[in-house]
Amino acid sequence: MVTLTIDGREVTVPEHTSILEACRTAGVKVPTLCYLKGLNEIGACRVCLVEVEGIDQLVASCNNEALDGMVVKTTSPRVRQARKANVEFLLSRHDTACTSCVRSGNCSLQTVANDLGVTSLPYKVDLTHREWDMDFPLIRDADKCIHCLRCIQVCDRMQNTGVWDLINRSSHTAVGVTGGAPISETDCALCGQCITHCPVGALRERDDTERVFDAIADPDTTVVVQIAPAVRAAWGEPLGLSHDEATVELLAACLKQLGVDYVFDTSFSADLTIMEEGSELLRNVAEHPGELPMFTSCCPGWVRYCKAHHPEMVDHLSTSKSPGQMFGAVTKSYFAEQAGIDPHKIFSVEIMPCLAKKSEVDIPAMSDACGDPDVDVSLTVRELDRMIKAGMVVPQQLEEVELDDPLGTYTGAGVIFGATGGVMEAALRTAHAIATGREADADAFKDVRGQDGWKEAAFDLGGTPVRVAVAHGLGNAEKLIQAVNNGDATYDFIEVMACPGGCVGGGGQPIHDGEERAEERGEVLWELDREMPLRRSHENPQIKAVYDEFFGEPLSEKAEELLHTDHHA
Ligand code: HC1
Ligand code: SF4
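Presented here is a report on the structure given in the accompanying data block. Note that the coordinates shown come from a computational prediction; the quantities given were computed from them, not determined experimentally. (Residues numbered from 1 in each chain as written. Chains lettered and ligands numbered in written order. Predicted model: local features only at pLDDT ≥ 70, side-chain atom pairs only at ≥ 80, totals over all residues. Heavy atoms only, no water.)

**Comments concerning the packing of helix α8 (residues 266-287) against helix α10 (residues 323-339)**
At a closest axis distance of 8 Å, the pairing of α8 and α10 adopts a crossing angle of 100°. It follows that α8 is roughly perpendicular to α10 by the angle criterion. Along its contact with α8, which presents Thr 266, Phe 268, Ser 269, Ala 270, Leu 272, Thr 273 and Glu 276, the element α10 presents Pro 323, Gly 324, Met 326, Phe 327 and Val 330. Tallied by class, the residues present in the contact of α8 with α10 amount to seven nonpolar, four polar and one charged. (Axes fitted to C-alpha atoms, helices over the stretch in contact; angles between N-to-C directions. Helix = DSSP H or I, 4+ residues; strand = E, 2+ residues; numbered from the N terminus. Parallel < 35°, antiparallel > 145°, perpendicular 65-115°, else oblique. Contact = heavy atoms within 4.5 Å. Nonpolar A, V, L, I, M, F, W, Y, C, P; charged D, E, K, R; others polar.)

**Re the pattern of salt bridges**
On inspection of all chains with the given rule, the structure shows 31 salt bridges. Here Asp 443 and Arg 535 are joined by a salt bridge, their closest N and O atoms 2.8 Å apart. One end of the pair, Asp 443, is in the loop between α14 (422-436) and β15 (454-461); the other, Arg 535, is in the loop between α16 (518-531) and α17 (541-551), with 92 residues separating them in the sequence. Since its relative accessible area comes to 27%, Asp 443 is described here as partly exposed. Among the ionic pairs, Glu 527 bridges to Arg 530, the shortest N-O distance being 3.0 Å. (Salt bridge = Lys/Arg side-chain N within 4 Å of Asp/Glu carboxyl O. Buried < 20%, exposed > 50% of the residue type's maximum accessible area, 1.4 Å probe, protein only.)

**Brief notes about the site of ligand 1**
Taken together, 17 residues form the shell around ligand 1, and within it Ala 228, Ala 230, Gly 324, Lys 357 and Cys 503 come nearest. Within the backbone of Pro 323, a nitrogen or oxygen atom sits 3.4 Å from an oxygen atom of ligand 1. At a separation of 2.8 Å, an oxygen atom of ligand 1 approaches a polar backbone atom of Gly 324. (Near = heavy atom within 4 Å. Polar contact = N/O pair within 3.5 Å; in protein donor to acceptor, adjacent residues only side chain to side chain.)

**Section: the pairing of strand β8 (residues 174-177)**
With four bridges joining them, strand β7 (residues 164-167) and β8 adopt antiparallel strand pairing. Bridging from a neighbouring strand, Ile 167 pairs with Ala 174 of β8. Connecting β7 to the antiparallel partner β8 that follows it, the hairpin turn spans six residues, and Asn 168 within it adopts a positive phi of roughly 65°. (Pairing = 2+ DSSP bridges.)

**A few points about unusual backbone geometry**
With an omega dihedral of 0°, the bond running from Leu 292 to Pro 293 counts as a cis peptide bond. If you trace the backbone, Pro 293 turns up in the loop between α8 and β12 (294-295). Residue Asp 405 is joined to Pro 406 through a cis peptide bond whose omega torsion reads 0°. Residue position: Pro 406 is located in the loop between α12 (381-390) and α13 (412-415). Of note, Met 392 is a non-glycine position whose phi angle comes to about 55°, a positive value. Considering the arrangement of structural elements, one finds Met 392 in the loop between α12 and α13. Note on Met 392: relative accessible area 69%, which makes it exposed.

It is worth stressing that arrangement in space is one thing and function is another; only the former is reported here.
Structure below.
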């Protein structure tokens, strides 16, 4: 341990702690822009400067160690003036059109400039106005970049993807796409983690909200919205709602207030995915062992990564569509038939914590129900929240409403899809019942929960041993695949979610700069599961009905046509 003095207070911290972390331990606020603990500790933004007795220069607190006997000052005039000058320098090269920026009100540069009393910009350099493919789901505005390098580190070290890099030389050095390639030609998985880790508005999603507003305004169009499992754990955060207040039923009320015709829950089709994927797993274990290990395929970020980096594994991806896509196919077939609506007049919207879903809905093969895309638009939670605000909807003034029939019923198994390990656990609950004819305790498979990057467990499904693994974050997935390819690990079934923590930590979720909320949000889902009367997908009465009335049974010809896909298509 080392003991130092910060602003006259003695603080004791473990050796090798940074001065910044020591300040945080002492409750001393130090502003930062580039710092991400464990990932980006490079002192690039120079906003966390502090004064250390005996050293002439001010030092960046994030990449200098706290030493025994050190005396640190964080509030001296020198420190304040230097921080302010550094923020002014960043602003001189920044497009400060805050009123039209998606991060206005949630931007760390804006906050620190306001905190430091920046009221005018003493100088300004010409901006670059670099071109970008505005049709791509991920938008980058080079004029907003502050060169914090977080996106490079997150993409490279956490997600093993390497889309971003430093480009150009000397004074022209900037952050850009590696090798200067067009973004659509890179291996970007569209996990969106660079967006949620950007402190400013340099990275964002393509905004598709106007397409939804237009569909709502068209009297000939029936707008059907599905809400993904992980949305309920986060949609209320920017709107000042607690987790208890921000229920899926209150969100349904907001959507109805906006003019949406039907509101359903993707957790319903997560139950459907389990019926198909669980049956596929048992079939492969019994009849096609060469197709093992089977990987989950509900995360399009992971599917994109797999296709780009591990084409040898594509045939091991489950052919079951993601719940979002299954929901779209069911909406424009079974639901349209039940409700007597022409499926061509349905506008199908999914609200997802995800960026990659924007590319999934555009895959040409995902148009099985009536020839039109099964899902027309995928919105992130951030776009949803912007729609709620733009519609002047005040959730606090609304009463909850029930989800619509017949696709609004779901089980706890469907809800936990949004947290790492949840898809696996939901699948095992149902696979066990199919294999044995008996119900296991709903918590019997909880060994696959938790925040470890790579988890494994083995279960007995009616005499058949099944070895499973769960990875979240593409860097962890990469390690797991290499172990499988090298023969160092053997599994039958593997869940991969691209985002750390699963969809609760998704790249389309609300942003809280410097904070990781996935674990806390995941707890919301596990708690909802514990409270649900039905916790196994096969117990969902509407799932039973949809098989009785429409699909026949899992893996039937109709199910294969509407609920499965060819990943090579
Ligand atoms: Fe997910 Fe899924 S869990 S992929 O993260 O399988 O986005 O929430 O909707 O489709 O159900 C996302 C979440 C979501 C699908 C489900
Ligand atoms: Fe999207 Fe979820 Fe996959 Fe992240 S983990 S890319 S949010 S589906």
